[in-house]
Amino acid sequence: NGRNDDFPSHSSVMEYIIQLPSDIWVFPSWKGHNVTRRNLLQFNGKSLDTGDIRFGQEGYRPLPKIADYSEEEQEFVWQNLESLLHRGGRIVARLKDFMDDQEEEN
């Protein structure tokens, strides 16, 4: 659950998996979750409750393609990543599913 630095929480934004320090506050729904789709829903004023699809749920893949984002959507998602890093998160890996889905044809 991330309350202890020995067992940190992780989140993913775009293709990056971020280790979250125990003293960083994030929405509980972000822990252990790729929040890219969630960020796009929020930016576009859509329901997070009905549109947020988690790993293992039907419709999780393919993940959103960066090439399909508007410039404003890209900026919003990159700022989210930067805010996590600025507050002490660190990139520990890349999310293979996200990278694979960027290369797939629609």
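Residues numbered from 1 in each chain as written. Predicted model: local features only at pLDDT ≥ 70, side-chain atom pairs only at ≥ 80, totals over all residues. Heavy atoms only, no water.

> Please set out the nonpolar core residue by residue, giving values where relevant.
By size, the foremost hydrophobic cluster in this structure holds 18 residues, and its most contacted members are Val13, Met14, Leu20, Val26, Tyr69, Leu84 and Phe98. Looking at this core, the elements with two or more residues in it are strand S2 (16-20) and helix H3 (71-86). Ranked by residue count, the leading element in this core is H3, at three residues. The residues contacting Val13, other than those within four sequence positions of it, are Val35, Thr36, Asn39, Val77, Asn80, Leu81 and Leu84. (Core = buried A, V, L, I, M, F, W, Y, C linked by side-chain atoms within 4.5 Å. Buried < 20%, exposed > 50% of the residue type's maximum accessible area, 1.4 Å probe, protein only. Helix = DSSP H or I, 4+ residues; strand = E, 2+ residues; numbered from the N terminus. Contact = heavy atoms within 4.5 Å.)

> Outline the sheet that holds strand S1 (residues 9-13), supporting the account with residue identities and numerical values.
Taken together, three strands build an open sheet; the order of strands is S1-S2-S3 and the sheet is antiparallel. Both edges of this open sheet fall to S1 and strand S3 (90-94), since each of them pairs with a single strand only. Across the sheet, the mean angle separating the axes of adjacent strands is 35 degrees when strand polarity is ignored. Judged from the five bridges that link them, S1 and S2 form a sheet pairing that is antiparallel. From the neighbouring strand, Val13 faces S2, where its bridge partner is Tyr16. (Pairing = 2+ DSSP bridges. Axes fitted to C-alpha atoms, helices over the stretch in contact; angles between N-to-C directions.)

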